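Below are the chains, spelled out letter by letter.
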Amino acid sequence: MGKVFVCDHPLIQHKLTFIRDKETRTKDFRQLVDEVAMLMAYEITRDLSLKEVEVQTPVATANCKVMSGRMLGLVPILRAGLGMTDGILKLHPTAKVGHVGLYRDPESLQPVEYYTKLPTDVQERELIVIDPMLATGGSANAAIQVLKNNDCSQMKLMCLIASPEGVKAVQEAHPDVDIYVAAIDSHLNEKGYIIPGLGDAGDRLFGTK
Ligand code: URA
């Protein structure tokens, strides 16, 4: 069973409050999501491996550490995942970025893949799948499956807000994937919105309705 980590750092929780507020306008919403993504990236990459190196300081030799192991890859789910990508890149500027585009079929209500572009070495990377809202779990599960179909095996899912239903769906479909969120909310409403949530993340990020 994949673990769920709630990133409860006070700065993340403080900023999330203003992200939720319907009075927060597009510019501030975008900036706050960017900042929270950066802070969450700090938490989510806490387990990156390090190796020992020696560095000559001006006065002596220091035993230090640098990152080793797998390089990072970010995979935002289009389109709302884009809003969290730059924030993570601020901390991990060498990460490569792939994209997965999904839409919901109006009849089956199932996610349909319409666009996938991944780094050529994606299989060797530790991946962070990004979607601000983990609602039914349909898109996250489909995006993770796209990556697994491309022989990727190491990935985490990063969301701002999750519903309990979405967490359960991902844990059942992909027990090998840990989930990182800033909050787990009460439930989904009949239209598939997370309650209390923040509304439509894509619309609020891009100023569309
Ligand atoms: N997608 C959103 O943008 N918001 C929700 O509440 C659920 C899915």
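First, a word on scope: everything that follows refers to the structure included in this document. Fair warning: this is a prediction, and the values are worked out from it, not measured in the lab.

Rules behind the numbers
- Residues numbered from 1 in each chain as written.
- Predicted model: local features only at pLDDT ≥ 70, side-chain atom pairs only at ≥ 80, totals over all residues.
- Heavy atoms only, no water.
- Core = buried A, V, L, I, M, F, W, Y, C linked by side-chain atoms within 4.5 Å.
- Buried < 20%, exposed > 50% of the residue type's maximum accessible area, 1.4 Å probe, protein only.
- Helix = DSSP H or I, 4+ residues; strand = E, 2+ residues; numbered from the N terminus.
- Contact = heavy atoms within 4.5 Å.
- Salt bridge = Lys/Arg side-chain N within 4 Å of Asp/Glu carboxyl O.

By size, the foremost hydrophobic cluster in this structure holds 34 residues, and its most contacted members are Ile-19, Met-40, Met-84, Met-158, Leu-160 and Leu-198. Broken down by secondary-structure element, the contributors of at least two residues to this core are helix H1 (10-20), helix H2 (26-44), strand S4 (72-78), helix H3 (82-91), strand S8 (126-130) and helix H6 (201-206). Those residues within four positions of Leu-160 in sequence are excluded, and the remaining contacts are Ile-19, Val-33, Val-36, Met-40, Met-84, Asp-131, Pro-132, Val-181, Ala-182, Ala-183 and Leu-198. If you look at the next biggest cluster of nonpolar residues, it comprises 24 residues, including Ile-144, Met-155, Cys-159 and Ala-162.

Opposite charge on two side chains makes pairing possible when the charged atoms of those side chains draw close. Under the definition given, this model contains 13 salt bridges. Salt bridges linked by common partners bring Asp-47, Glu-126 and Lys-156 together as one network.

A separate point is the side chain of Thr-85. Inspection of the secondary structure puts Thr-85 in helix H3. Taking relative accessible area as the criterion, Thr-85 reaches 5% and is therefore assigned buried. The contact partners of Thr-85, leaving out residues within four places of it in the chain, are Leu-74, Pro-76, Val-97 and Ile-130.

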